[in-house]
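# Structural characterization, general
The residues making up each chain are set out below.
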Amino acid sequence: MSNSPAKRPTKEQVTLEFPNNALIAALGGAHQKNFVRLEQKLGVRIATRGNLVAVEGAPEPRERAASVLRALYARLEGREDIGLAEIDAELRFAAREAGGFETGLGTQSIKTASSRVTRARSPAQAAYLDLMRTHPLVFGIGPAGTGKTYLAAAFAAHLLYERRVERIILSRPALEAGERLGFLPGDLREKIDPYLRPLYDALFEVMGDQCTRLMEQGIIEVAPLAFMRGRTLSRAFVILDEAQNTTTPQMKMALTRLGEDSRMVVTGDPSQSDLPGSRAEGLNTALDILTGLEGVAVARFTEADVVRHALVSRIVAAYSKAETPPGLPPLPGGRRKSSP
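Summary of the structure given here. (Residues numbered from 1 in each chain as written. Predicted model: local features only at pLDDT ≥ 70, side-chain atom pairs only at ≥ 80, totals over all residues. Heavy atoms only, no water.)

Our focus in this paragraph is the overall build of the protein. The helix and strand tally for the protein stands at 11 helices and 13 strands. Nonlocal contacts in the protein, meaning residues at least 24 apart in sequence, comprise 70% of its contacts between residues at least 6 apart. Total accessible area on the protein is roughly 18200 Å²; 51% of this is exposed by carbon and sulfur atoms. (Helix = DSSP H or I, 4+ residues; strand = E, 2+ residues; numbered from the N terminus. Contact = heavy atoms within 4.5 Å. Areas by Shrake-Rupley, 256 points an atom, 1.4 Å probe, with all protein chains shown as cover.)

Applying the stated criterion across every chain, the model contains three aromatic pairs. Between Phe18 and Tyr73, the ring centres sit 4.4 Å apart and the planes meet at 25 degrees, which makes this aromatic pair stacked. Placement of Phe18 in the loop between β1 (12-17) and α1 (21-28) and of Tyr73 in helix α3 (residues 59-77) is noted, with a sequence separation of 55 residues between them. A residue is classified by how much of its surface remains accessible, and Phe18, at 6% relative accessible area, is buried. For the ring pair Phe155 and Phe237, a centre distance of 6.0 Å and an interplane angle of 65 degrees mean the geometry is edge-to-face. Taken together, the positions of Phe155 in helix α6 (residues 148-161) and Phe237 in strand β11 (residues 236-240) put the pair 82 residues apart, joining distant regions of the chain. Just as Phe155 is buried, Phe237 falls in that class too. (Phe/Tyr/Trp six-rings, centres within 6.5 Å; stacked < 30°, edge-to-face > 60°. Buried < 20%, exposed > 50% of the residue type's maximum accessible area, 1.4 Å probe, protein only.)

If you want to describe how two helices pack, look at the angle between their axes and the distance between the axes. Contact pair helix α5 (residues 123-134) / α6: the axes reach a minimum separation of 11 Å and the direction vectors enclose 40 degrees. By the criterion of interaxial angle, the relationship of α5 to α6 is oblique. Crossing handedness for the pair α5 and α6: right-handed. For the pair formed by α5 and α6, the contact residues are Gln125, Tyr128, Leu129, Met132 and Arg133 on the first element and Lys148, Leu151, Ala152 and Phe155 on the second. Among the residues making up the contact of α5 with α6, the classes are represented as six nonpolar, one polar and two charged. (Axes fitted to C-alpha atoms, helices over the stretch in contact; angles between N-to-C directions. Parallel < 35°, antiparallel > 145°, perpendicular 65-115°, else oblique. Left-handed = near helix turned anticlockwise from the far one by under 90°. Nonpolar A, V, L, I, M, F, W, Y, C, P; charged D, E, K, R; others polar.)

This part covers the side chain of Gln244. Note that Gln244 resides in the loop between β11 and α9 (248-255). We classify Gln244 as buried; its relative accessible area is 3%. At 3.0 Å, the side chain of Gln244 forms a polar contact with the backbone nitrogen of Asp269. (Polar contact = N/O pair within 3.5 Å; in protein donor to acceptor, adjacent residues only side chain to side chain.)

Let's shift gears to the packing of α1 against helix α2 (residues 33-42). Interhelical geometry of α1 versus α2 gives an angle of 55 degrees and a closest axis separation of 5 Å. One finds that α1 runs oblique with respect to α2. Seen from α1, the contacting residues are Ala26, Leu27 and Gly28; seen from α2, they are Lys33, Asn34 and Phe35.

Shape descriptors only; they carry no functional weight alone.
Okay, structure coming up:
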């Protein structure tokens, strides 16, 4: 029996050559933070010399890192900015599939303003965008931080930019969630603004300063769900946010507002309903009735698709685990079977 020490697995190196030296600095980021993130996530080592980038590590993570670096460099060539969020996005895409590595480079970007471009940050987001392109009614279901509302607002801005719709309507139920509207100061507009602020934030992020002008012109409208009653919305992109807080009659009313050449996206997290009993009544009923209907699509997200701070994904997973009774896995849409 040999007493010689076991050989350590060799860590081979792959060297990437990029034509534009000026972009290498942007590829690494300030203080090489982009390279550091890749090294931490994949357990590789990255070094640069001129226009060469060397990646050292075990075969699979090394190839994943090389795939991510190529995709990020292509973004830089397309005059896109990259940062840690883009690093994490490409890491999500760089998964092993059919014997190769897939990156987000092939995902179609959407232009939301003259100088703004949005791209999916996960395979689930890419599928969500595809469904919005091909279906007039899409449900985006999943936990907070998965980009449901943000991507819906971005796609709405994209269609408006391309003049495929004439206006954007954003709505959500002004549910009191344990507080009282009457105690808030101001007139009705000032009372409901805090409930609609997330929709404003999403629009301003994807459209920039022109969002204010479009809102003043009435091209973009943000309103409580109750204000939708009796309207027919033609050539519009409608987003119903926080749909887990709708009742069944409210949901039916909202869905039947669609007019000619209009589209609608309904977003919600059934596990965070503020309705009595925490039951996402309107959303779950709509999913049960409409899933499989022609023209209707459902995009489902999980905690693995969270694109906010990394801690958010762990928080969502921890709550999901704590709220699920032993032996009773969550049902699709976040619901759980009742104990016998």
